[in-house]
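Coordinate inspection notes
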Amino acid sequence: MKNQVCSKCAEGTYSLGSGIKFDEWDELPAGFSNVATFMDTALGSSEGKADSCNNSSWTPRGNYIESNRDDCTVSLIYAVHLKKSGSVFFEYQYIDNNIFFEFFIQNDQCKEMESTADKWVKLTDNGEWGSHSVTLKSGSNILYWRTTGILMGSKVVKPVLVKNITIEGVAYTSECFACKPGTFSDKPGASGCQVCPRDTYSEKGAKECTKCKEEMYYAEEGSSACIERPPCTSKDFFQIHTPCDKEGKTQIMYKWIEPKICREDLPDALALPPSGERQDCPPCNPGFYNNASSSCTPCPPGTFSDGTQECKACPAGTEPALGFEYKWWNILPGNMKTSCFNVGNSKCDGMNGWEVAGDHIQSGAGGSDNDYLILSLHIPGFKPPTSVTGATGSELGRITFIFETICSADCVLYFMADVNRKNTNVVESWEKSKERQSYTHIISKNASFTFTWAFQRINEGQDSRQFINDMAKIYSITVTNAVDGVASSCRACALGSEQSGSSCVPCPPGHYIEKESSQCKQCPDNTFLSIHQVYGREACIPCGPGSKSTKDHSACFSDCLLSYVKDNQSLNYNFSNLSQVGSLMSGPSFTSRGTKFFHFFNISLCGNEGKKMAICTDNITDVTLKDMVAESEDFSNFVGAFVCQSTIIPSDSKGFRTALALQSNSLADRFLGATVETVLENISIKADIFPPSPSKIPDVHFFYKSSTVTTSCENGRATVVTMRCNPHKPDQGELSVPSSCPAGTCDGCTFYFLWESAEACPLCTEQDYHEIEGACKKGFQETLYVWNEPKHCIKGVSLPEKRTSTCETVDFWLKVGAGVGAFTAVLLIALTCYFWKKNQKLEYKYSKLVMTTNSKECELPAADSCAIMEGEDNEEEIVYSNKQSLLGKLKSLATKEKEDNFESVQLKSSRSQNI
């Protein structure tokens, strides 16, 4: 330093010049810090929550540092001041997409200095170390390695591993750093130290490695001391089967696990069992034959064999059923490989991860209990049978395997799929001991697949082998419709119309093979062709209620129209306005450590003539995979279905810039039917799953099925969308999930949704309105038509126009009534007068008759005078009538009698009064 001259570091030391390197992780190096974040939620504060993130941190593991395994957000922070522009470089393993891994830099004002595009770190394949480097500016730089686990189920996330952090651009160092134990530097001016080989060791600052006494001690690669060899036990050797010889025999051989670290000469040590026991070889796998040789070879194209007989040509009218069926394990098949790797050491490199064992293949010994034991199968592509080449079904093939795990610790068996060698994704995993069972994975796209089984006894880093007897066994692996496959049987195929030969011809889409003629026949209307069978009329499966088949009979779909008869009334539904994708976000929900998340659903009610329109994607992958845009469908984060689901983590929950979508999956990829019934194909709707409908209009249920099989849903998932008429919710209406099951499902397999909208009401008919007649005004009357209330229909027939008709007004009838009344009154008065007059006449006649009678008995005296004297009263009133009166005429009309005119005289005298 005094001379300001750069000198070479001595042997046993190293220097990066203007850089620093962190490659020892026995403890957290100086300058590094851990910050765990607990997200405050509606559940309460961190002080009141026992299960907080205080104990979450990055953990040193010797050669690397490991992130947290829970769903806390933990940052590994290092602050450095650069004299000039530099860079940061590190190696990492990041294999689990259920944990988010970010690396970003902030300045001393806590502002991010790098773009978001460089913030997300790419996933790596199992066993591979990736590298990441970022340019640094001069001045203060605060480096953040931040991980956030997302635990939506019971599975523990796989941690992120980081090692060899190198920072360039710091001030020139004034000292050289001693090589760490287990490494050495044998030349001056070294920029790094070399690792000591196996069975050697070194202390800090070593110029060379010291050999162990191999008879009594051993050392792993990069050891700081020698370890005494223990006595051999049954955990130190394993058995294998040799390939079959010409006599059809195999030998059982016992071998020490390499590298051998035990001693046979110690008391209580076990010796290696004798090898060479001969056993009968298992038969060849179906599609193979040994042809009197010691090895099994695949049958030639166009032939088949069950593995015990010679390969035979398929009969006319049939074709080989290509695929692979491995159920005998004498040697590893040619398209399978096995390997072993460990993230922290290289002890098992070059070892077989799995060993064949006759009727099964089992996990091998490995180097330590936390090794990944790998078995892989490569399939170059999938091709359906010739007769259904034109079919457009969702299944091209399938892989089925029967397995078993026997564990005393927390072992895990992973089943993974790699599409077109781009990225490996975990399809399913099984923890701890599992009884013998079968699992099937559906292949829906023609691509190159590599299927991988990875078995790990424990996931904690340690060098011991305590659980070597924990193992996974696979009894059989069956792949259908595999390109370059072999055949164990033949299936019927269609023949050309001209029987020039026995070659098979592909049937057009939607055609089955007629049994009698072996010709292609089109499926009837409203049926679809089975993807598992094309032989016989029964291969055409009828569509469900309310559905029709596509033109190529590959599937059934809904045209959003439905008719239903209720109480002799036809209800017609048209859900076309709801055919666009509907979305629903339910929640929020919280994990045990307070992470807030939502369940997001996309629903394509009718699709587009069978095409599934609902799409769910994981946007975290969009950020981390820059080359994803070209062929996004190759990635498992892209899901197209009738109903799909994603888990949404809002930006405020984990401090991300945008909301994150992950764990996208399909809930419905096949439409079963639409009906008012509550049961269809063993899918039922509980009566109390949703509140009852306030109207009498029946709900319409859309039933869907998903072919994706999971551990908890052996028959796949099912979805029911209930359409309910609600006039108060126009347009798209409202989607909801059962209140008792906020995630849309109570069992994880069957999902229920309620879609309330006015568009879900039946079409209007003549029975949905009534008429109202108006008052008659000025000889005209209006008739109006109004909807019945409450109105539970939409569109359909329109209300008739207002109708106007002529009518008799009320004033006219009043006049008529008044006239009739007046005429009746006059008539009554006339009749009264008539009867009074008639009564008077009768009295007169009676009086005259009395007088006549009296005059005959005694003569009346003669009148004294014929004149009335002056001063006398007119005692006699004389009435003359020589003309028929009106009353007489009325009488004549009434009695219809004709009488002669007469003179009526009425006398009134005092004498007559005295009679």
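Definitions and limits used
- Residues numbered from 1 in each chain as written.
- Predicted model: local features only at pLDDT ≥ 70, side-chain atom pairs only at ≥ 80, totals over all residues.
- Heavy atoms only, no water.
- Pairing = 2+ DSSP bridges.
- Helix = DSSP H or I, 4+ residues; strand = E, 2+ residues; numbered from the N terminus.
- Axes fitted to C-alpha atoms, helices over the stretch in contact; angles between N-to-C directions.
- Core = buried A, V, L, I, M, F, W, Y, C linked by side-chain atoms within 4.5 Å.
- Buried < 20%, exposed > 50% of the residue type's maximum accessible area, 1.4 Å probe, protein only.
- Contact = heavy atoms within 4.5 Å.
- Salt bridge = Lys/Arg side-chain N within 4 Å of Asp/Glu carboxyl O.

**A few points about the sheet that holds strand 21 (residues 277-280)**
- On the basis of which strands lie adjacent, the open sheet formed by 3 strands has the order 19-20-21 and antiparallel pairing. The sheet terminates laterally at strand 19 (237-241) and strand 21, the two strands that pair on one side only. The mean inter-strand angle of the sheet, taken between neighbouring strand axes irrespective of direction, is 30 degrees.
- In terms of strand pairing, strand 20 (residues 249-256) meets strand 21 through 4 bridges, oriented antiparallel. Note on strand 21: the bridge partner recorded for glutamine 251 is arginine 278.

**What to know about the sheet that holds strand 6 (residues 73-82)**
- The strand order across the open sheet formed by 4 strands is 3-6-10-8, and the pairing between neighbours is antiparallel. Here the strands that pair on one side only, and so sit at the sheet edges, are strand 3 (32-37) and strand 8 (99-106). Here the average twist between neighbouring strands, direction ignored, is 20 degrees.
- In the sheet, strand 3 pairs with strand 6 via 6 bridges, with the strands oriented antiparallel. Looking at the pairing, valine 35 lines up with serine 75 of strand 6.

**Focus on the nonpolar core**
- Formed by 44 residues in total, the largest nonpolar core has its most connected members in Trp354, Leu377, Phe451, Trp453 and Ile477.
- Look past the residues within four positions of phenylalanine 451 in its chain and what remains in contact with it is Leu375, Ser376, Leu377, Ile379, Phe382, Ile399, Phe415, Met416, Ala417, His441 and Ile443.
- Core analysis: the next-biggest nonpolar cluster, separate from the first, contains 34 residues, Tyr573, Ile603, Phe642 and Val737 among them.

**A word on the pattern of salt bridges**
- A complete count under the given rule lists 12 salt bridges for this structure.
- We note a salt bridge from lysine 260 to glutamate 264, for which the minimum N-O separation is 2.5 Å.
- One salt bridge in this structure joins lysine 432 and aspartate 410, with 3.8 Å as the shortest N-O distance. Separated by 22 residues along the polypeptide, lysine 432 in the loop between strand 33 (424-431) and strand 34 (434-443) and aspartate 410 in the loop between strand 31 (397-406) and strand 32 (412-419) bring together distant segments of the chain.
- The exposure class assigned to lysine 432 is partly exposed, which follows from its relative accessible area of 46%.
- Here the salt bridges share partners, and the residues they tie into one network are Lys729, Glu734 and Glu756.

Any link to function would need more than the numbers given here.
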